[in-house]
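# Fold and geometry: a report
What follows is each chain in one-letter form.
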Amino acid sequence: MAGLSLTKGSNLSLTKTDPGLQQALVGLGWDPRSTTGDAFDLDASALLVSASGKVRSSADFIFYNQPAAADGSVTHLGDNRSGAGDGDDEQILVDLTKVGADVERVVIVVSIDQADTRRQNFGQVRGAYCRVINQGTEQEIVRYDLSEDAAPETSMIFAEIYRNGGDWKFKAVGQGYATGLAGIATDFGVDLS
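Below, the structure is looked at part by part. As the structure is a prediction and not an experimental result, all values here were calculated from the model.

Conventions we followed
- Residues numbered from 1 in each chain as written.
- Predicted model: local features only at pLDDT ≥ 70, side-chain atom pairs only at ≥ 80, totals over all residues.
- Heavy atoms only, no water.
- 1 Å grid on protein atoms, 1.4 Å probe; cavity = no way out; pocket = protein on both sides within 12 Å on 5 of 7 lines; lining within 4 Å.
- Points joined across faces, edges and corners; volume = space filled by probe spheres on them.
- Helix = DSSP H or I, 4+ residues; strand = E, 2+ residues; numbered from the N terminus.
- Nonpolar A, V, L, I, M, F, W, Y, C, P; charged D, E, K, R; others polar.
- Phe/Tyr/Trp six-rings, centres within 6.5 Å; stacked < 30°, edge-to-face > 60°.
- Buried < 20%, exposed > 50% of the residue type's maximum accessible area, 1.4 Å probe, protein only.
- Lys NZ or Arg CZ within 6 Å of the ring centre and 35° of its normal.

Turning to the layout of surface pockets, a few remarks are in order. The volume enclosed by the largest pocket comes to roughly 210 Å³. Elements that contribute at least two residues to the lining of the largest pocket include exactly β8 (105-112) and α3 (180-187). At 3 residues, α3 tops the list of elements feeding residues into the lining of the largest pocket. Looking at the lining of the largest pocket residue by residue, the classes come out as 7 nonpolar, 5 polar and 2 charged.

Now the structure itself:
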């Protein structure tokens, strides 16, 4: 069963749509570049963001080299270096029962590795999407297909899972950054030094 499809800027209550949801598997996918040149390597990451709009520490930046949050609430399930094949290219597991009370949002980001060197951007990526699956039932709850042209952007906030009162919600963000992953990380207070 396919989940609900959202457009940029819209949101959905995960709690109301799937009341039993405890472990949200965020699946991210894309199709590799179809022109000649260097292969694309897109990388998914997650930021645990507090009410201040920033991470609590650099430990809240989850990616292939730091694959799990200290509290086990968010886990990166591995790096896919090509985007080849069907289905999700990378997945991030968010255990909603373990997310710290001082974390308001889990921001899902995808960046293009070595974008500047390879002269690559999201305008050259096809079929990019983000979806949330209930890990327990394996049912897709919601999906966001990124359809807009993002020519200069080398990284993008795909979506976020956030608290609203006692509910967890999903928002389709689709905000691009021409400054790469470093630009996003800096905006959210990650110390990259």
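This paragraph deals with the packing of aromatic side chains. Overall, the coordinates contain 3 aromatic pairs when judged by the stated rule. Ring centres of Phe-63 and Tyr-64 lie 5.6 Å apart, and the angle between their planes is 80°; on these two criteria the pair is classed as edge-to-face. Summarising the aromatic geometry, the rings of Phe-122 and Phe-158 are spaced 6.2 Å apart at their centres and angled 65° between planes, so their arrangement reads as edge-to-face. Here Phe-158 lies in strand β11 (residues 155-164) and Phe-122 lies in the loop between α2 (115-118) and β9 (126-134), a separation of 36 residues in the sequence. Residue classification places Phe-158 among the buried positions, given a relative accessible area of 0%. Every member of this aromatic cluster is reached through a ring pair, and the members are Phe-61, Phe-63 and Tyr-64. Taking the ring centre of Tyr-129 as reference, the NZ or CZ of Arg-143 above it sits at 4.0 Å.

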